[in-house]
Amino acid sequence: MKHFLAVFAFALLTPIAGLAGDDVVQFGQQDPEMQAAIAEARVSLPQFLANTKGPDGQSVQGAGLKVEFNAETDQSEVIWIVPFAERGEGFVGILANEPTAMPGQHAGDMVEFTEAQIADWTYSADGKLYGNYTTRVMLPHVDEATRTQLNQVLAENPVPDGW
């Protein structure tokens, strides 16, 4: 069975340097709840990109993407990219977490990816985290302290008002 590792969003509450220690939660590639969360995130992706990229294609502070790599292998990894920028037909960005299924890659490395690889997005504003559709699915799978802290900062509506 094909599995993918999803890196948790907990450390998005801290400076980017803290992201390297994020928890990893494993889901089956066809997990229906996770697939629904990814589909929902992709529906709202155009709104996110329109509101979090500057005229130069660079992401604004507080914006990040969760991207799937190695999808053709038995174990792919879905990992946060912060910051990111649109380049030509795709994107470039920095791995915000230490990968576990990407040999030779490390937190802080530059990566290239396409829009089709984007599984989720995050945006931090006014003390709230927006997006994070996959994070919301992971909540039952993390410890109570982490779940409580995230429930305090995850916005009730994943898309900010006015988008």
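Residues numbered from 1 in each chain as written. Predicted model: local features only at pLDDT ≥ 70, side-chain atom pairs only at ≥ 80, totals over all residues. Heavy atoms only, no water.

## As for the overall build of the protein
What counts, and what does not: Numbering of helices and strands starts at the N terminus; helices are DSSP runs of H or I of at least 4 residues and strands are runs of E of at least 2. Only protein chains enter the accessibility calculation, which uses a 1.4 Å probe; a residue whose area is less than 20% of its type maximum is buried, one above 50% is exposed, and one in between is partly exposed. We call two residues in contact whenever any of their non-hydrogen atoms come within 4.5 Å of each other.
Counting secondary structure elements, the protein contains 3 helices and 8 strands. Mapped from its N terminus to its C terminus, the protein presents α and β elements in the order β-β-α-β-β-β-β-β-β-α-α. Every one of the 163 residues in the protein was classed for burial, and the buried ones make up 48%. The contacts in the protein between residues at least 6 apart in sequence include a share of 58% that link residues at least 24 apart.

## What to know about helix α3 (residues 144–153)
The following threshold applies: Directions drawn from the helix axis to the C-beta atoms are what define this arc.
Of the positions making up α3, those classed as buried are Thr146, Leu150 and Val153. End-on, the buried residues of α3 take up no more than an arc of 65°, which puts them together on one face. Seen from the buried face of α3, the exposed residues on the opposite side, beyond 90 degrees, are Glu144, Ala145 and Gln152. Where α3 is buried, its residues contact β8 (128–131) and α2 (133–138).

## Notes on unusual backbone geometry
Cis geometry is found at the peptide bond from Val82 to Pro83, where omega equals -10°. In this model, Asp126 sits at a positive phi of 55°, which is unusual for a non-glycine residue. Following the sequence through the fold, Asp126 ends up in the loop between β7 (118–125) and β8. Here the phi dihedral of Asn132 falls at roughly 55°; this positive angle occurs in a residue that is not glycine.

## Considerations on helix α1 (residues 32–52)
For the record, the criterion: Expected span, for any helix, means 1.5 Å times one less than how many residues it has. Here the bend at a residue means the angle between the axes of two seven-residue stretches, the one that ends at it and the one that starts at it.
For α1, which comprises 21 residues, the first-to-last C-alpha distance of 29 Å matches the rise-based estimate of 30 Å (1.5 Å per residue) to within 8%. The sharpest bend along α1 comes to roughly 45°, located at Ser44, with the proline Pro46 sitting one to four residues further on. When α1 is considered as a whole, its buried residues turn out to be Met34, Ala37, Ile38, Ala41, Ser44, Leu45, Phe48, Leu49 and Thr52.

## Quick look at the confidence of the model for the protein
Counted only if it meets this: Values of pLDDT, the confidence the predictor places in each residue, fall between 0 and 100.
Scored by pLDDT, the protein comes out at a mean of 84, with 79% of its residues at no less than 70. Of all the helices and strands in the protein, strand β1 (residues 3–7) carries the lowest mean pLDDT, 42, while strand β6 (residues 110–113) carries the highest, 98.

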